[in-house]
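Residues per chain, in single letters:
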Amino acid sequence: MAAPETITDIKVIDVDTHVVEPYDLWTSRVSTSKWGDKVPHVVWSEKRQEDIWLSGDRVLGAAAAPAQAGYQFPPPTYPPRLSDADPRTWRVEDRLQAMDDYGVHAQVLYPNVAGFGGGRFSDPKDAELNLLLIRAYNDWLTDYASAAPDRLIPVMGIPFWDIDLSIQEMARCRAAGHRGVIMSQEPEHYGHPKISDPHWDPLWAAAQEMGLPISFHIGGGDMSGWKMLAPSAGKVANYAAVSVTFNIAQSRTIASLIAGGVCHRFPDLNFISVESGVSWIPYLMHGMDWMWIESDVRSEHPEYDLLPSEYFKRQIYACFWFEHGPMLDATIETLGPDNLLYETDFPHPTSMSPGPASSAVAAKDFIRDRLGHLDDAVLRKLLHQNAARVHGLG
């Protein structure tokens, strides 16, 4: 069991949080005189009664929907404007204060508007503009993180539709302090090969050489599953059910990386399954090992020298936030503590963020009350050491 002083002196790294993009992010950095209203901008929608992001006539999303932490109503209701949201969700100085209040030392930063894999900026008809939009976001994120570079950890988007441009952007952003790459786990949804295809090998090779982990955030591909239930079930029940199914859908991503040979070909490249939870992974590994042997995969791929569970333990990580008790304990015992990371998903609707409409508690309280029974060495790995290692934080 971890001693109380151990819990308080760990510099907790929260490996999945989201920035809430300011309304002028792109209009202040990309020429509207050249690109007009295709540059993402925010307008008030009378029909929806909320601020929305627009690119031309395409709605990219509700502007304040990601700013849920501390809101007075539970999801799927969200603030109609940023001015209605807790400023700690979008103003960097207030965010840092919230981190102090929650007991979080550092946060890894993911996007919203471009999609969790950048897919909304991938239309080949607007390739030149989309490259500018990706670069503008990455530059803004660099500036945002500069408010506390030891605490705010940027992860870059890439123009994945062009591998050469992606590699250039990776090198540029790595030099600016970015500590990882966010990538769509379903590029085929945007007209590109699947992640198991050798098409992506130059990208993986460059990331491996640069020491940049590849993050696959849930919802980074086909989002049509948001309307999973019959309308009669109600939007709240649908929202609650669908959120969890997206988490477990990451099993396809992990299976693709392993069975597609990506892990084998790039043994020093790390992958992170973001916001997916972890308790289902022991079943996936047990099942993949079973089928690997029963199907005699090595007769087809004699070069695959490890079992799926061994590839996972060598180079794949997954994140948890609400899980605790026997299921999490069993996961740690089965997988070991070296591939598990702690997150809060701040300030999203599912986040571990206290508020009048949430049962969530601050990270420091969750860690003390729900994780404090873990061994000192295990707790340090989950809360700091694993994240520092995979993101190269020293």
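(A) Looking closely at the side chain of Glu169. Within the secondary structure layout, Glu169 lies in helix 5 (residues 163-175). Only 3.4 Å separates the side chain of Glu169 from the side chain of Arg135, close enough to count as a polar contact. Beyond its immediate stretch of four places on either side in the chain, Glu169 contacts Ile134, Arg135, Asn138, Met156, Gly157 and Pro159.

(B) Main features of the environment of Ile218. Here Ile218 lies in the loop between strand 8 (214-217) and helix 7 (235-248). In this structure Ile218 comes out as buried when scored by relative accessible area, which is 8%. Apart from residues no more than four positions distant in its own chain, Ile218 is found in contact with Phe116, Gln185, Phe246, Asn247, Gln250, Val274, Glu275 and Ser276.

(C) Highlighting the nonpolar core. Trp26, Met170, Trp204, Ile258 and Phe271 are the most contacted members of the largest nonpolar core, which totals 95 residues. With 10 residues, helix 4 (residues 127-145) is the single largest residue contributor to this core. When near neighbours in sequence (up to four residues on either side) are disregarded, Met170 contacts Met156, Ile158, Val181, Leu203, Ala206, Ala207, Met210 and Leu212. Judged by nonpolar contacts, the second largest core, of 16 residues, contains Ile13, Val108, Ile272 and Leu341.

(D) How the structure looks around the packing of aromatic side chains. Counted according to the given criterion, the structure contains 17 aromatic pairs. Judged by centre distance (6.4 Å) and plane angle (80°), the rings of Tyr23 and Trp53 are edge-to-face. Of this pair, Tyr23 sits in the loop between strand 1 (13-18) and helix 2 (32-35) while Trp53 sits in strand 3 (residues 50-55), placing them 30 residues apart in sequence. Measuring from ring centre to ring centre gives 5.3 Å for Trp26 and Trp53, while their planes differ by 85°; the resulting arrangement is edge-to-face. Residue Trp26 is found in the loop between strand 1 and helix 2, and its partner Trp53 is found in strand 3; the two are separated by 27 residues along the sequence. Judged on exposure class, the residue Trp26 and its partner Trp53 are both buried. Through successive ring pairs, a cluster of aromatic residues spans Tyr23, Trp26, Trp53 and Phe121. Sitting over the face of the ring of Trp44, Arg81 holds its NZ or CZ atom 3.9 Å from the ring centroid.

(E) Fine view of a negative patch on the surface. Where like charges cluster on the molecular surface, the negative patch consists of Glu300, Glu303, Asp305 and Glu310. When you line up the elements, Glu303 lands in the loop between helix 11 (297-300) and helix 12 (308-315). With a relative accessible area of 36%, Glu303 lands in the partly exposed category.

About the criteria used
Residues numbered from 1 in each chain as written. Predicted model: local features only at pLDDT ≥ 70, side-chain atom pairs only at ≥ 80, totals over all residues. Heavy atoms only, no water. Helix = DSSP H or I, 4+ residues; strand = E, 2+ residues; numbered from the N terminus. Polar contact = N/O pair within 3.5 Å; in protein donor to acceptor, adjacent residues only side chain to side chain. Contact = heavy atoms within 4.5 Å. Buried < 20%, exposed > 50% of the residue type's maximum accessible area, 1.4 Å probe, protein only. Core = buried A, V, L, I, M, F, W, Y, C linked by side-chain atoms within 4.5 Å. Phe/Tyr/Trp six-rings, centres within 6.5 Å; stacked < 30°, edge-to-face > 60°. Lys NZ or Arg CZ within 6 Å of the ring centre and 35° of its normal. Patch = residues over 30% accessible without salt bridge, like charges linked within 9 Å, V, L, I, M, F, W, Y side chains within 5 Å. Areas by Shrake-Rupley, 256 points an atom, 1.4 Å probe, with all protein chains shown as cover. Salt bridge = Lys/Arg side-chain N within 4 Å of Asp/Glu carboxyl O. Lys, Arg positive; Asp, Glu negative; His and termini not counted. Charge placed at Lys NZ, Arg CZ, Asp CG, Glu CD.

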